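If you want the building blocks of each chain, they are given just below.
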Amino acid sequence: VKKANLQLKFLDIWDVDVLKRPQDINKQAHHTHLYSSDFLIVRRAQEFQIKITFDRPYKPAEDKFAVEFVIGPSPQYSKGTYIPVFPTEERQSVWRGRIVETSDNVITMGITTSPECIVGKYMIYVSVVTPYGIRRTRREPKSDIYILFNPWSPADPVFLDDEEEREECIMNELGIIYHGTYDDVSERAWNYGQFEFGVLDACLFIMDKADMPLSNRGDVIKVTRVASAMLNSRDDDGVLVGNWSGDYTYGVPPTSWTGSVEILLDYAGSRGTPVCYAQCWVYAAVFNTFLRCLGIPGRVVTNFFSAHDNDGNLKMDIILDENGKLDRNRTKDSIWNYHCWNECFMARSDLPPGFGGWQVVDATPQETSDGMFRCGPASVAAVKHGQICYPFDAPFVFAEVNSDVIFYRRQKDGTLEAVKVNQTHVGRMVLTKAVLHDGRRDITDHYKFPEGSPEERRVLEKAEEFGCQREKASVPQGDVEVEIPNLDVRVGDNFDVTLQFKNNSDQRRSADVYITGTVVYYTGVPSAEVLFKTPKVKLDPLQSKDEKVLVRGEDYMHKLVEQANIHFIATGKIKETGQIITAMKVISMHNPKLIVKVTGSPRVSEEMYVSVEFTNPFKFSLENVDLRMEGPGIMPFKRTSITWIETFSPRRAGSTKLIASLDCAALRQVYGETELTIQQ
């Protein structure tokens, strides 16, 4: 009888409710209501609530219970993979617990995780102390809890104290990625899709595939560094295979993608088979999805005229022969028309004060860092101030925005003489999307002081102290200038390239000029020459004069590579003075656009129609055309062939976009988009 009485007295657990519906308090308070997931998702260092139903009212003085959180295969308290949470003030662990409310047999418990806890998927148990030992609830997969980084909490190293920036860099699923050239910027819409079904699991799988120890997964510096290696497939079977060859037979052309979701779901669904193919903006866009999905503020930035220097100095060498003509065989360094990387926001407790905030991370495999293809996190503030001794990879980023372009003349005996130094060409402009609207934000001043300012000179001297080499030769200023102004050219059109000469001297000047036009990949790598002319120019004293050179559509059309860029270099030698004159210009051709139209009632779960139209403006037919379309919250990814009408039913209310791309071997990078607002 005594034993039976004891058995009745101890607490028994009837139900555990983790309050996981999107409208419940947890997902609303933790800004996780947009995740398409049936699980509870919360952010660390912020209280969430669970409801526990017992078989009788809870008596704090007599009853002892704990809520236990477990992550990984072999949980240990010392490793942060087993964490008990207690309801009383007298007994607390690294996570805090408190009773928020008691009602009959139901208690509401508030749980606050620590600001450095492991980010990932936890199992939850409730255990009760009984006279016969500890009783624990059974494993219930539906109650598993995802815990993410928290940029809303001042205690978390990713804290970003600006609500609009958080709204853009964590909550916005739509992005704009800039490409083209600095004086003719093009835009590419992108669906990051960080809240789409399966994306959070795919991001956690990336860390599993890297064999990243669970105990490191609360450290944002380690997480972003591992991700910068894992998003490319070089040396670790990461997410994306890079391909700059122009031949995409065995995969999707990089220009064809419109979002990250399909890429991440393919990678996770195949248990880690790398996805084909990517170039820099695809790496940056998918990395951005990873960052925002896990709660790390992230944005994609584009650096126009980005130096990819093969020998680690601050010099991009262009070699001319003794007459001033470009020597392509000896010119090895490449200047990318643009290069995209990511910035993520974090405190840097491993660096001196002042170097936290935005950090560069780059998943495009260019150079190895500590033996792997990865880059960052590198403090943007450290790059700006030339403090490039601080980890990780700051000298590489510094060179991307600060290298000088040096023109060398190769003498008959093989020696090189510096004849012109251009200190402003590289890192001409750094752009990212504006906060909460579709405009651009110029953030060049985050990376460098104004060109020619005393601060800039001091920064370059500081960088030299840390081993960056620059060209010291002083090149005398010549009295003749040449420039190539920008042009707005549609693919296939004939156009004139104008050389604008200016004679600043009071004497006559004459020159043999070489102008070459070469189709280039956006990485600056030449493909085929489409123009070579050698005009002779005569200038009267103080005269300005334009020399026009015709470029015909039929000469370049069949030689264009995917991003339709032609790089013009004009060089020459002034007969009277021996001065070398140079000018460079990348002309980025404009492709025809897709027209995207939406009809139907813009309401959640109502059927709507979208049509995509395209008119071929060329004299030849386009074959094997691939069309793609998607929109966050309204339409999952779809692909088809030309002339397309598709039905879709929006999943959730709010403002969003439909993004479409058209791709075929003869014409890459054709886009269209439309904005729409869905009512509840």
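Here the residue index of a chain counts from 1 through its sequence in written order. Totals for whole chains, interfaces and linings use all residues, but because this is a predicted model, local features are given only for residues with pLDDT of at least 70 and pairs of side-chain atoms are given and counted only at 80 or more. Note that water and hydrogens are dropped before the side-chain values are worked out from all heavy atoms of the structure.

Taking an unreviewed UniProt entry as the reference, the chain is identified by name as protein-glutamine gamma-glutamyltransferase belonging to Cyprinus carpio carpio. Here is the UniProt Sequence similarities (unreviewed entry) comment for the chain, exactly as written: "Belongs to the transglutaminase superfamily. Transglutaminase family." UniProt positions are given in the numbering used here, feature names are shortened, and annotations may be inferred rather than shown by experiment.

Undergrad: Is there a simple way to think about the overall build of the chain in this case?
TA: Helical segments are the DSSP runs of H or I of at least four residues, strand segments are the runs of E of at least two, and each set is numbered from the N terminus. Along the backbone of the chain there are 12 helices and 40 strands. C-alpha atoms of the chain, sized along the principal axes, occupy 120 × 60 × 35 Å. Residues are treated as being in contact if the distance between any of their heavy atoms lies within 4.5 Å. A sequence separation of at least 24 residues applies to 67% of the contacts in the chain between residues at least 6 apart. Here the Shrake-Rupley method, with its probe set to 1.4 Å, supplies the accessible areas, and only the displayed protein chains count as covering residues. Carbon and sulfur atoms make up 49% of the accessible area of the chain, which amounts to about 28,700 Å² in all.

Undergrad: What exactly am I supposed to notice about the packing of aromatic side chains here?
TA: We describe a pair of aromatic rings using the distance from one ring centre to the other and the angle between the two ring planes. By convention, a stacked pair of Phe, Tyr or Trp rings (six-membered ring in the case of Trp) has centres within 6.5 Å and planes under 30 degrees apart, an edge-to-face pair has planes over 60 apart, and any other such pair is tilted. The full count for this structure, using the stated rule, is 25 aromatic pairs. Chaining the aromatic ring pairs together yields one cluster made of Trp244, Trp281, Tyr283, Trp336, Tyr338 and Tyr522. Just above the ring of Phe449 sits the side chain of Lys384; from NZ or CZ to the centre is 4.6 Å. In this scheme, the term charge over a ring applies when either NZ of a lysine or CZ of an arginine sits within 6 Å of the ring centre and within 35 degrees of the ring normal. Against the face of Tyr182 rests Arg428, its NZ or CZ located 4.5 Å from the ring centre.

Undergrad: I tried to follow the nonpolar core on my own but got confused; where do I start?
TA: Side chains of nonpolar character tend, in soluble globular proteins, to be buried together. Counting 68 residues, the largest nonpolar core has Leu200, Leu240, Trp281, Val282, Phe290 and Leu294 as the members making the most contacts within it. The greatest single-element share of this core, amounting to 12 residues, is contributed by helix α7 (residues 280-294). Setting aside chain neighbours within four positions, we find Leu240 in contact with Leu231, Asn232, Ser233, Ile263, Val275, Ala278, Val282, Tyr283 and Val286. Within the second largest apolar cluster, 57 residues are counted, among which are Val489, Ala511, Val612 and Leu627. In these notes, a set of buried Ala, Val, Leu, Ile, Met, Phe, Trp, Tyr and Cys residues joined through side-chain atoms within 4.5 Å is what counts as a nonpolar core. A 1.4 Å probe rolled over the protein chains alone gives each residue an accessible area, and that area as a share of the maximum for its type sets the label: buried under 20%, exposed over 50%, partly exposed in between.

Undergrad: What is the right way to look at the UniProt feature "binding site: Ca(2+)" (unreviewed entry) in the chain in this model?
TA: Annotation from UniProt places "binding site: Ca(2+)" (unreviewed entry) at Asn402, Asp404, Glu451 and Glu456. These annotated residues cover 55 residues of sequence, and their C-alpha atoms lie no more than 13.1 Å from one another, placing them together at a single site. Structurally, the position occupied by Glu451 is in the loop between α10 (444-447) and α11 (454-465). Distance and chemistry together define a polar contact, namely a pair of N or O atoms within 3.5 Å, with one atom able to donate a hydrogen and the other to accept it when in protein, and with adjacent residues in sequence counting only for side-chain atoms on both sides. Among the polar contacts made by the side chain of Glu451, one reaches the side chain of Lys448 at a distance of 3.2 Å. Residue placement: Glu456 occurs in helix α11. If sequence neighbours within four positions are ignored, Glu456 has contacts with Phe449, Pro450 and Glu451.

Undergrad: Teacher, can you tell me more about the sheet that holds strand β21 (residues 375-379) here?
TA: Within a beta sheet, neighbouring strands are joined by backbone hydrogen bonds and run either parallel or antiparallel to one another. In spatial order, the strands read β21-β18-β17-β15-β24-β25; together these 6 strands make up an open sheet with antiparallel pairing. Because the sheet does not close on itself, it has two edges, and the strands there are β21 and β25 (440-442). Strand after strand, the sheet turns through a mean of 30 degrees between neighbouring axes, direction not considered. By the bridge criterion, 10 bridges tie strand β15 (residues 298-308) to strand β17 (residues 334-346) in an arrangement that is antiparallel. Looking at β17, one finds that Arg299 is bridged to Glu343. Between any two strands, pairing holds if DSSP finds at least two bridges. To obtain an axis, a line is fitted to C-alpha atoms, over the contacting stretch when the element is a helix, and the angle between two such axes runs from 0 to 180 degrees between their N-to-C directions.

Undergrad: In this structure, what is going on with the packing of helix α4 (residues 199-209) against helix α6 (residues 261-269)? I would like to understand it.
TA: Between two packed helices, the angle of one axis relative to the other and the distance separating the axes together describe the packing. Running from N to C, α4 and α6 point in directions that differ by 50 degrees, and their axes come no closer than 9 Å. Between α4 and α6, the angle is such that the two are oblique. Between α4 and α6 lies a crossing whose hand is left-handed. Together, Val199, Ala202, Phe205, Ile206 and Lys209 of α4 and Val261, Leu264, Leu265, Tyr267 and Ala268 of α6 make up the contact between the two elements. Angular relationships are summarised with four words: roughly parallel below 35 degrees, roughly antiparallel beyond 145, roughly perpendicular across 65 to 115, and oblique for the angles in between. For a crossing to be left-handed, the near helix must be turned anticlockwise from the far one by less than a right angle; the clockwise case is right-handed.

Undergrad: Hey, could you run me through the sheet that holds strand β27 (residues 495-503) in this one?
TA: Taken in spatial order, the 3 strands of this open sheet run β26-β27-β31, and their pairing is antiparallel. The open sheet has two edge strands with one neighbour each: β26 (480-483) and β31 (544-551). Between one strand axis and the next, the sheet turns through 20 degrees on average, direction left out of account. Here 4 bridges tie β26 to β27, and the two strands are oriented antiparallel to one another. When the bridges of β27 are listed, Val482 appears paired with Phe501.

Undergrad: What is the right way to read a negative patch on the surface from this model?
TA: Patch definition: residues with relative accessible area over 30% and no salt bridge; like charges joined within 9 Å; nonpolar side chains (Val, Leu, Ile, Met, Phe, Trp, Tyr) joined within 5 Å. Put simply, a salt bridge is a Lys or Arg side-chain nitrogen that is within 4 Å of an Asp or Glu carboxyl oxygen. His residues and chain termini do not enter the charge count, which takes Lys and Arg as positive and Asp and Glu as negative. By convention, charge coordinates are those of NZ in Lys, CZ in Arg, CG in Asp, or CD in Glu. Negative charge collects at one region of the surface, where Asp161, Asp162, Glu164 and Glu167 lie side by side. Summarising the element assignment, Asp161 is placed in the loop between β10 (145-148) and α3 (163-171). For Asp161, a relative accessible area of 65% translates into the label exposed.

Undergrad: Sorry if this is basic, but what is going on with unusual backbone geometry here?
TA: The bulk of non-glycine residues show a negative phi, and the bulk of peptide bonds are trans. Cis geometry is adopted by the peptide bond preceding Tyr277, which originates at Cys276 and carries an omega value of 5 degrees. Position of Tyr277 among the secondary structure elements: in strand β14 (residues 275-278). Following Gly376, the chain continues to Pro377 via a peptide bond in cis, the omega torsion being 0 degrees. Structurally, the position occupied by Pro377 is in strand β21. Phi is positive for Arg271, close to 55 degrees, though the residue is something other than glycine. By the secondary structure assignment, Arg271 is in the loop between α6 and β14. In this model, Gln669 sits at a positive phi of 70 degrees, which is unusual for a non-glycine residue. Topologically, Gln669 is positioned in strand β40 (residues 667-678). Overall, Gln669 belongs to the buried group, its relative accessible area being 9%.

Undergrad: Would you explain the pairing of strand β32 (residues 565-574) in this entry?
TA: Across a regular strand the side chains alternate sides, sitting on one face of the sheet and then on the other. Most of β32 sits inside the fold, with 9 of its 10 residues counted as buried. Across 10 bridges, the pairing between strand β28 (residues 509-520) and β32 is antiparallel. By the bridge assignment for β32, Ile515 is matched with Ala570. As judged from the 9 bridges shared by β32 and strand β33 (residues 580-588), these two strands associate in the antiparallel manner.

Undergrad: What's the story with the pattern of salt bridges in this structure? I'm lost.
TA: Between side chains of opposite charge, a pair can form when the charged atoms approach closely. If you walk through the whole model with that rule in mind, you get 39 salt bridges. Its salt-bridge partner being Arg652, residue Glu173 comes within 2.1 Å of it at the nearest N-O pair. Here Glu173, found in the loop between α3 and β11 (174-181), pairs with Arg652, found in the loop between β38 (644-648) and β39 (654-664); they are 479 residues apart in sequence, far enough to count as distant. For Glu673, the salt bridge identified is with Lys657, shortest N-O distance 3.1 Å. Remark: Lys657 occurs in strand β39 and Glu673 occurs in strand β40; sequence separation between them is 16 residues. Residue Glu673 is classed as partly exposed on the basis of its relative accessible area of 38%. Because the salt bridges share partners, they merge into one network encompassing Glu262, Asp626 and Arg628.

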